[in-house]
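Report on the structure
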Amino acid sequence: MSLRRYAVRRLGLGVLQVLAVATLVFLLVRALPGDAAVALAGDNPDPRRIEEIRVAMGLDQPALERWWAWLSGLPRLDLGVSLISGRPVSEFLLDGLGPTAALAVLTLVLLVPVSVLVGVLAALREGGVLDRVLTAISVGLHSIPEFALAIVLIALFGVQLRWLPPTAVGAGGNLLAHPEVLVLPLVVLLARPICSISRLVRAGMIDALASDHVRHARRLGIGVTRIRFAHALPNALAPAVQQVARTTDWLLGGVIVVEAVFVIPGLGTALVDAVAGRDLPVVQGLAVVFAVTTVLVNLLADLAAFRLAPRSAGLA
Amino acid sequence: MTLTRRGFLGLTAGLSAVTLTGCATDAPAPAAAGPRGGGRLRAAFAGGGAKEVLDPHLANLFVEAARSKAVFDKLADLGQDVSAQPRLAEKWEPSADLLRWRITLREAVFHNGKPVRAQDVLASYARILDPQRTFRAKSSLSLIDLPNSRAVDDRTVEFALTRPFVEFPNALAAFGTYIVPEGTEDFTAPIGSGPFRFESFAPGKSVLLKRNADYWEGAPHLDELEFVIANEESARANALLGGQVEYAHDLTPTTARANTGSDRMTLHRSPNSAVQSFAMKVDRAPFDDPDLREALFLLADRPQLVEAVLGGSGQVGNDLFGKGYEHYADDIPQRGRDLDRAKFLIRKAGAEGLTVRLDTSTAAAGMVEAATVFADQAKGSGLTIEVVTGNKDSYWSDTLKNGSLSSFRSGAMPIETHIAQRLLSDSGTNVTKWARPEFDALYRKAVSTVDETERAAAYREMQGSLHAQGGYLMWGFADWIVGTSPNVGGVATAPANTLDWARFDRVWLG
């Protein structure tokens, strides 16, 4: 099968996946107790007023009709308007995209070089002090959940030592203009993926250094540095590439927690608020964005794997 | 114990505090001796994310209420004893039959330089009362007969009411009854008559306001006021400790206790702010039996609840709303725990061995903790209380209809408003299902008589019957806790949603 046919088939599947996610989200939000009118009324739940709000929001229309209206807007990229504020859902997405994208992209940009460096260093000193120290730190950090790490870092560096801002409060949407507020969130987001990917690089590098072709290259008298980085490293990276794609999926979840702890007004915060407010159009819009991102990232990773090793990409 | 995400986040503040105790040796530096002008104060509130709005009539959250009162004015607002005090209204004069009220407006101007006129007041109220819309204040103003109300002149309004109502100023002070310029529908750059002018707004992030030098009550001390959003309480506390904000609204007793004596945080506690309660539904089994209601009253160990749930930042309640407020019946003796009599009453009601479900949720701070402590206090009484934690987003609506026993809390409002909204046969949010014609009649008498003595007697009688037979077990009053940096001065301690709460025109930076 050609690469193009494979890509088209996967894209078609991706569209179906996104629609399935959006439908599931619609059903799940409906399964939650209460609706947007109840959530808005809050501690003043006068049934007469809730009924009035319901009518004003159009919640008295049949669910199927509302679902169809939302779905038919999708091809025009019309995601509808928020039930509660009346603002277009696309505005919510644009508002939240900046901070979340800044976090995710910076995480990925830093993740690859740092974890390769750590993995290679550990592999070159296999069994040595450096290797054991790096291994101990990696395994230790990997076993701490993000929110626990965040709490400790905030308490220590944000509140006690005051080296870094404990939250992003007041930074507004443009986090890049205040790089200091990004340090702690990035450390939290990077900690676990660096550990898992550097472990993979280390293992791959040790295997590669012991492989026949590297031994052969050594016999041919090629320099040590060239052997390590031109011959051993590329082989060591193969398993790590797939792990980076999986990390991107994980980041979407991690970002929600990190945004909540550090008060970053991104897509994760928007999602949490929208679910609490039962603002169905906003929840659906965000779910579509998350689903599209996941599908695209995995598609790209699979295409890369297909290029590298067509046989192992599962195309039978 | 299971730890939720929220629970873990809550740990942040605790941990921060623990690491801080080492350096918190000195007493906090006092705020500058006298008011000083200038500076920008950043205030952190919980928000509703991007759904927040600047339309003051849509205000629902604390941050929206605080912003609204900075930009707009109401005709009246609630004073220290939660009675209505004149604001934009200079004075009010009812007719003898209490059906017509003449309001004289203060000389005030909107931020665009135009005067506040009687027409603006009528237009604002007409907007709130629009039958096509769902503003929160609609029910508070619903007794106004708008077609028969009129502007006598630019500074005099005459309201016609559909029934005699001596507490009409409470309606003028009700949540969300702000005066906006006539014809305003677009609030993207709101214009009000309040102490601060609008500068900029990013939904879910911040609102920036500037000093209004022409404010009728005198210009604020601050040059700028910025509201920022931090939903988690721990994040608000951390932002304050980290110097990112100067004012952190609504802190928990745990944070307050951990930071007492800190040199980075000054605590402001406003007593009698939020009533903490359990609501028994009197129209259904098992609490349709007054003996069982009394048994529950007697099972509650109130000092222990206040200590365990409010961390000592509160006072015990006597099953009546509004301690310290106007009309509060403070001559009724304080109830205490009496396990023996409670056991006897449970046996008498035939409820021995019965398991009652207590619905609660994290919709308000301390409710789940209080339910757990109370269930513990009921052990050994013959009655078993089973705590069930429900969904927080629909909690108030769920417990209004379902179940027989639930956690309840309420912010400050006049006792009259509490009764009107919750304790009359036709009340919209009657959680305890207290519906008694003779009680309704007493309320009508209290609000329709000009005779002070007669009115006081009616309030006393209503509270007497609620204390003896009612469905609210009001065990405590929580302090409202605000944290500021030590250089902030002029922060008044007042219950949330009253005049002096979040009153940033009186605050200064030292």
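Please read all numbers here as calculations on a predicted model, not as lab measurements. (Residues numbered from 1 in each chain as written. Chains lettered and ligands numbered in written order. Predicted model: local features only at pLDDT ≥ 70, side-chain atom pairs only at ≥ 80, totals over all residues. Heavy atoms only, no water.)

1. Side note on the overall build of chain B
Helix and strand counts for chain B stand at 15 helices and 19 strands. For a compact globule of 510 residues, the expected C-alpha radius of gyration is about 24 Å, and chain B comes in at 24 Å, within 12% of that figure. Based on the C-alpha atoms only, the size of chain B along its principal axes is roughly 70 × 65 × 40 Å. Taking all 510 residues of chain B together, 57% fall into the buried category. Counting only contacts in chain B whose residues sit at least 6 apart along the sequence, the fraction spanning at least 24 positions is 71%. Element-wise, carbon and sulfur atoms account for 50% of the exposed surface of chain B, whose accessible area totals about 18800 Å². Where the 56 positive side-chain charges of chain B centre and where its 63 negative ones centre are 3 Å apart. (Helix = DSSP H or I, 4+ residues; strand = E, 2+ residues; numbered from the N terminus. Rg over C-alpha atoms; globule rule 2.2 N^0.38 Å. Buried < 20%, exposed > 50% of the residue type's maximum accessible area, 1.4 Å probe, protein only. Contact = heavy atoms within 4.5 Å. Areas by Shrake-Rupley, 256 points an atom, 1.4 Å probe, with all protein chains shown as cover. Lys, Arg positive; Asp, Glu negative; His and termini not counted. Charge placed at Lys NZ, Arg CZ, Asp CG, Glu CD.)

2. Notes on the UniProt feature "domain: Solute-binding protein family" (unreviewed entry) in chain B
As annotated by UniProt and renumbered to match this structure, "domain: Solute-binding protein family" (unreviewed entry) occupies residues 85-413 of chain B. End-to-end, the C-alpha atoms of residues 85-413 of chain B are 13 Å apart, and along that stretch the chain is 25% helix and 24% strand. (UniProt positions renumbered as here; feature names shortened; annotations may be inferred.)

3. Overview of the interface of chain B and chain A
The interface is formed by 48 residues belonging to chain B together with 47 residues belonging to chain A. Counting the surface lost from both chain B and chain A, the interface buries some 4000 Å², and carbon and sulfur atoms represent 61% of this. Our enumeration of links across chain B and chain A arrives at three salt bridges. With a closest N to O distance of 3.2 Å, Glu52 of chain A and Lys138 of chain B form a salt bridge. Among the elements of the structure, α1 (5-21), β10 (224-229), α6 (233-241) and α12 (395-401) of chain B are those that each provide at least two residues to the side of chain B that touches chain A. A total of nine residues in the side of chain B that touches chain A trace back to one element, the largest contributor, which is α1 of chain B. Of the residues in the side of chain B that touches chain A, the class split is 17 nonpolar, 19 polar and 12 charged. (Buried area = accessible area lost by both parts, 1.4 Å probe. Salt bridge = Lys/Arg side-chain N within 4 Å of Asp/Glu carboxyl O. Nonpolar A, V, L, I, M, F, W, Y, C, P; charged D, E, K, R; others polar.)

4. Examining the UniProt feature "transmembrane region" (unreviewed entry) in chain A
Residue and element names in this part refer to chain A. Taken from the UniProt record, the annotation "transmembrane region" (unreviewed entry) applies to residues 101-124, 136-161, 250-276 and 282-301. As a span, residues 101-124 carries 100% helix and 0% strand, and end to end its C-alpha atoms are 35 Å apart. Between the first and last C-alpha atoms of residues 250-276 the distance is 22 Å; the span itself is 85% helix and 0% strand.

5. Side note on the environment of Ala420 of chain B
Residues and elements named next belong to chain B. Turning to its location among the elements, Ala420 is positioned in helix α13 (residues 415-422). Spatially, the C-alpha atom of Ala420 lies 15 Å from that of Ser83, the residues being 337 residues apart in sequence. Ala420 has contacts with Ser427 and Tyr443, leaving out every residue within four places of it along the chain.

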